[in-house]
Amino acid sequence: MPRRPRKMEGQVVGGILRLFRKRLPRLRAGSVQDNPGEAAKEPERAQEPCLPNFIGGQHFFEYLLVVSLKKKRSGEDYEPTITYQFPKRENLLRGQQEEEERLLSAIPLFCFPDGNEWTALTEYSRETFSFVLTNVDGSRKIGYCRRLLPSSPGPRLPKVYCIISCIGCFGLFSKILDEVEKRHQISMAVIYPFMQGLREAAFPAPGKTVTLKSFIPDSGTEILQIFASAVLERRIIFLAEGLSTLSQCIHAAAALLYPFSWAHTYIPVVPESLLATVCCPTPFMVGVQMRFLQEVMESPMEEVLLVNLCEGTFLMSVGDEKDILPPKLQDDILDSLGQLKTSEQTNENVSGPFVQFFVKTVGHYASYIKREANGQGHFQERAFYKALTSKANRRFVKKFVKTQLFSLFIQEAEKSKNPPAGYFQQKILEYEEQKKQKKSREKSVK
């Protein structure tokens with residue numbers, strides 16, 4: 001069996017992978033009002049960009065669950081079981097009840113993805129991680145988990161607090177889990193008013209600024225290769241010891257795709273029973289614990305980018321990752337990341353260089369949606385990429401327009417009569433204004 005890396009995961013050689021795990025880009029999604037505001041007390045620990053698949057005004061979450069380990073009737077193994085549920089839903093229609101049962105039956109496995117061979121412990125470092133459940137219609141529910149030892153004397157088994165939500169915002173829900181954990185140490189009864197107030201509050205619309213703290217990358221080349229692989233919807237596996245590491249890294253990687261949304265298989269922590277996922281021929285972005293490295297390496301995988309977060313290296317790659325993105329735009333991203341390295345300003349967005357990449361390559365999309373009298377739009381693909389003057393940009397965009405990332409984005413744009421207001425549109429307008437000013441200055445010089 002391959003030797004397990006000895007270095008602690010906080011001492012990653014690859015500097016930019018350290019960003020994924022410890023210094024994620026942070027987004028201020030807006031203020032949470034009243035009691036829910038307690039979930040955002042720690043200003044130095046803001047959250048990373050929320051995945052762009054939510055709408056302001058949604059409920060924060062659907063369920064809060066506690067999943068505990070219960071001994072099986074046969075044998076010494078344990079099985080995860082839901083021991084607490086909020087809210088309890090009554091008077092559901094038959095179809096709704098069946099849907100709820102399917103959902104709740106799937107959750108315990110993902111709360112203990114590393115198997116059922118547990119023993120009572122006296123010490124255990126808490127872990128925060130997540131999982132994603134995808135419905136047949138493509139919609140997703142995200143489970144945010146905090147696994148820890150109950151605050152009682154003597155050896156004991158860990159339990160998991162799990163929040164189920166349709167909103168992708170790992171950092172924010174980590175803070176909410178902090179508050180749940182504090183209250184549970186007092187009494188389960190104290191959790192109810194906090195979670196009830198949170199559930200009744202509408203999720204705030206995303207803000208336009210982000211907060212960046214202590215971003216110190218040594219090199220941006222690794223993150224560019226991961227980003228390039230994700231943009232072309234390839235298969236990506238992250239390996240790490242800790243569940244928190246895997247969840248944070250995958251959420252950060254997906255957030256870099258904004259304004260596009262990863263629509264393929266997306267599992268922050270793959271349970272042992274689902275390791276065959278790495279053999280899928282379709283695109284995926286998954287996290288696997290390092291102890292399953294041998295099983296992964298022996299699997300009949302197709303071309304894949306295999307990222308070792310413990311050592312900051314790529315164990316497997318396709319080989320062309322450095323050539324996917326246009327060279328000039330790669331340099332622009334690296335230059336921007338280099339400026340952030342020495343900047344102490346907190347109003348800069350670490351994902352900004354990647355948003356700017358999409359602005360420069362596909363930000364002109366709205367001009368190439370031709371509309372009929374009824375308002376239905378039709379995207380002019382050939383004219384769209386031919387409008388790019390840079391040959392390197394054109395080569396990249398010709399590939400990118402064939403991805404599901406871009407197709408889903410354009411389908412939504414075709415339905416909407418006006419470009420959707422938001423951070424991406426704001427950056428497009430700013431970029432167009434900069435180009436106008438540059439042309440004006442060049443004319444005045446002549």
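First things first, this report covers the structure right here in the doc. (Residues numbered from 1 in each chain as written. Predicted model: local features only at pLDDT ≥ 70, side-chain atom pairs only at ≥ 80, totals over all residues. Heavy atoms only, no water.)

**Comments concerning the pairing of strand β3 (residues 78–86)**
So, point 1. Bridging between strand β2 (residues 63–71) and β3 involves 8 bridges; their strand directions are antiparallel. Within the sheet, the bridge partner assigned to K71 lies in β3 and is Y78.
So, point 2. A loop of 6 residues connects β2 with β3, the two strands running antiparallel in sequence, and G75 in this loop sits at a positive phi of about 90°. (Pairing = 2+ DSSP bridges. Helix = DSSP H or I, 4+ residues; strand = E, 2+ residues; numbered from the N terminus.)

**Structural notes on the sheet that holds strand β10 (residues 284–289)**
So, point 1. One open sheet accounts for 5 strands, arranged β9-β10-β8-β11-β12; its pairing is mixed. Taken across any chain shown, the strands that pair with only one partner, and hence form the sheet edges, are β9 (265–267) and β12 (313–316). This sheet shows a mean twist of 25° between the axes of neighbouring strands, independent of strand direction.
So, point 2. With 4 bridges joining them, strand β8 (residues 235–240) and strand β11 (residues 305–308) adopt parallel strand pairing. Looking at β11, one finds that L239 is bridged to N308.
So, point 3. Across the sheet, helix α6 (residues 243–255) lies against β8, β9 and β10, angled at about 165° from β10, the strand it touches most. (Axes fitted to C-alpha atoms, helices over the stretch in contact; angles between N-to-C directions. Contact = heavy atoms within 4.5 Å.)

**Things to note about a negative patch on the surface**
So, point 1. A contiguous patch of negative charge on the surface is contributed by D77, E117, E272, E295 and E298.
So, point 2. Among the secondary structure elements, E272 is positioned in the loop between β9 and β10.
So, point 3. Judged by relative accessible area, which is 39%, E272 ranks as partly exposed. (Patch = residues over 30% accessible without salt bridge, like charges linked within 9 Å, V, L, I, M, F, W, Y side chains within 5 Å. Areas by Shrake-Rupley, 256 points an atom, 1.4 Å probe, with all protein chains shown as cover. Salt bridge = Lys/Arg side-chain N within 4 Å of Asp/Glu carboxyl O. Lys, Arg positive; Asp, Glu negative; His and termini not counted. Charge placed at Lys NZ, Arg CZ, Asp CG, Glu CD. Buried < 20%, exposed > 50% of the residue type's maximum accessible area, 1.4 Å probe, protein only.)

**Side note on the nonpolar core**
So, point 1. Among the nonpolar cores identified, the biggest contains 116 residues, and I107, I176, M195, I237, F238 and V288 are the most heavily contacted of them.
So, point 2. The residues contacting V288, other than those within four sequence positions of it, are I237, F238, L239, A240, L246, V270, L275, V278 and V296. (Core = buried A, V, L, I, M, F, W, Y, C linked by side-chain atoms within 4.5 Å.)

**Digging into unusual backbone geometry**
Residues apart from glycine generally show negative phi values, whereas peptide bonds are mostly found in trans.
So, point 1. Cis geometry marks the peptide bond from F86 to P87; its omega dihedral reads -5°.
So, point 2. Considering the arrangement of structural elements, one finds P87 in the loop between β3 and α2 (94–111).
So, point 3. Between Y258 and the following residue, P259, the backbone shows a cis peptide bond with an omega angle of 15°.
So, point 4. Relative to the assigned elements, P259 resides in the loop between α6 and β9.

**Side note on the pattern of salt bridges**
Between side chains of opposite charge, pairing is possible as soon as their charged atoms come close.
So, point 1. Inspection of the entire model under this criterion finds 14 salt bridges.
So, point 2. In this structure, E62 engages K141 in a salt bridge whose closest nitrogen and oxygen atoms are separated by 2.7 Å. Placement of the pair is E62 in the loop between β1 (26–27) and β2 and K141 in strand β5 (residues 140–148), with a sequence separation of 79 residues.
So, point 3. Linking K427 and E430 is a salt bridge whose minimum nitrogen-to-oxygen distance equals 3.2 Å.

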